[in-house]
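Coordinate inspection notes
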Amino acid sequence: GEDVVSLKAVRKIVVVGAGKAGAGMAVGLEAALGKDVMLEKHVQGLVNVPADCCRPTERIVLHPARPAGINEPTHEGVSGAEEMLRMVGSLGPEDLCVCLLSGGASALLPAPISGLTLEDKQQVTRLLSSAGANIQQLNTVRKQLSRVKGGRLASACRAGMMKTLIISDVIGDPLETIASGPTVKNTTTPSDAAAVFDELGVRNSPVATHVVRLLGE
């Protein structure tokens, strides 16, 4: 858009993100920066993508975070998300972080909160989906169960500047909904997440009971 970033004062650029379009976005960003800038600014990065979307890149690692055609969080996705949290947490005030997000990023960027396993998270997603949850309801719960979603990736970032590039797959392009908003302030609460289980009539299921207890509701 009209946003211009001066790289003169930038010491280092780190790129993170996830999504089905992550490979194309990473290749496009590398092309836009060019070899000289990537070398001068010590560009490095990691983007979680489906296994069938990996392609050659210069500096940004494309991490196969789930098998093709299976839209569920995996242990590979968790390892990628953990590395991204480490990377953004190691940056300083003279650094720039660029986040690339596109459709499918919610499942590709899992980082369960303490007390919740990946298997728990998978069960929650299946439970809500089978009960007819819409994308807003799913994301309301996902944000509360993640150390990345609902603005928490941005909160973990110590760079002086963070810019997010987004390809929307949601009608109306609500930034807090796309990929569950890793770099957007969360406007929902643990109470809102607990209410979703009530709305769908599944609060008494074992995994819902566990989640609601974790959220302190």
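As a reminder, the structure under discussion sits directly above these lines.
Before going into details, it helps to say that this report is about the structure given with it. Positions within a chain are numbered from 1, following the residues in the order the chain's sequence is written. In view of the model being predicted, local features appear only for residues whose pLDDT reaches at least 70, and side-chain atom pairs are presented and counted only at 80 or more, with totals across whole chains, interfaces and linings using the full set of residues. The basis for every side-chain value is the complete set of non-hydrogen atoms in the structure, without hydrogens or water.

**Focus on the pattern of salt bridges**
- Within this document, salt bridges are pairs made up of a side-chain nitrogen of Lys or Arg and a carboxyl oxygen of Asp or Glu, the two lying within 4 Å of each other. With the rule as written, the count across this model stands at eight salt bridges.
- A salt bridge links Arg11 to Asp95, with the nearest nitrogen and oxygen atoms 2.8 Å apart. Of this pair, Arg11 sits in the segment before strand E1 (12–18) while Asp95 sits in strand E4 (residues 95–101); the two residues are 84 residues apart in sequence, bridging distant segments of the chain.
- What makes Arg11 partly exposed here is its relative accessible area of 42%.
- The partner of Glu40 in a salt bridge is Lys41, with the nearest N and O atoms 3.5 Å apart. Helix and strand assignments come from DSSP, with helices taken as H or I runs of at least 4 residues and strands as E runs of at least 2, each series counted from the N terminus. Accessible area is worked out with a 1.4 Å probe on protein chains only. A residue is then buried under 20% of its type maximum, exposed over 50%, and partly exposed in between.

**Considering the state of the cysteines**
- Cysteine sulfur atoms are paired as a disulfide whenever they come within 2.5 Å of each other. In total, this model carries zero disulfides according to the counting rule given.
- Free cysteine Cys54: the closest other cysteine sulfur is in Cys53, separated by 7.5 Å.
- Using a relative accessible area of 36% as the deciding quantity, one classes Cys54 as partly exposed.
- No disulfide involves Cys97; its sulfur sits 4.2 Å from the nearest other cysteine sulfur, which is in Cys157.

**A closer look at the layout of surface pockets**
- A cavity here means a set of 1 Å grid points, computed over protein atoms only, where a 1.4 Å probe fits but cannot escape. A pocket is an open set with protein on both sides within 12 Å along at least 5 of 7 lines, and lining residues have an atom within 4 Å of a point. Grid points are joined across faces, edges and corners, and a volume is the space filled by probe spheres set on the points. Its volume calculated, the largest pocket comes out at about 320 Å³.
- Lining the largest pocket are 15 residues, and of these Asp3, Val5, Val98, Lys163 and Leu165 sit closest to its centre.
- Lys, Arg, Asp and Glu make up the charged group, whereas Ala, Val, Leu, Ile, Met, Phe, Trp, Tyr, Cys and Pro make up the nonpolar group; the residues left over, Gly among them, are polar. Tallied by class, residues from the lining of the largest pocket come to 10 nonpolar, two polar and three charged.
- Here the second largest pocket defines a volume of roughly 170 Å³.
- Contributing to the lining of the second largest pocket are 14 residues, with Gly104, Ser106, Ile135, Arg142 and Asp169 lying nearest its centre.
- Those elements giving two or more residues to the lining of the second largest pocket turn out to be helix H3 (105–108) and helix H5 (135–144).

**Regarding empty space enclosed by the protein**
- According to the stated counting rule, one finds one cavity of 30 Å³ or more in the structure shown.
- Put simply, the largest cavity is a space of about 120 Å³.
- Around the largest cavity, the lining is made up of 14 residues, and of these Pro73, Ser106, Lys121, Thr125 and Arg142 lie nearest the centre.
- In terms of residues, the lining of the largest cavity owes the most to one element, helix H4 (residues 118–130), which gives four residues.
- For the lining of the largest cavity, the class distribution of residues is eight nonpolar, three polar and three charged.

**Remarks on the pairing of E4**
- Summarising burial for E4: seven of the seven residues are buried, a large majority.
- Pairing geometry for E1 and E4, over seven bridges, is parallel. Along E4, the bridge assignment pairs Gly17 with Leu100.
- As paired elements, E4 and strand E5 (residues 161–166) share six bridges and run parallel to each other. Bridge pairing links Leu100 to Leu165 in E5. Pairing between two strands is assigned when DSSP locates at least 2 bridges connecting them.

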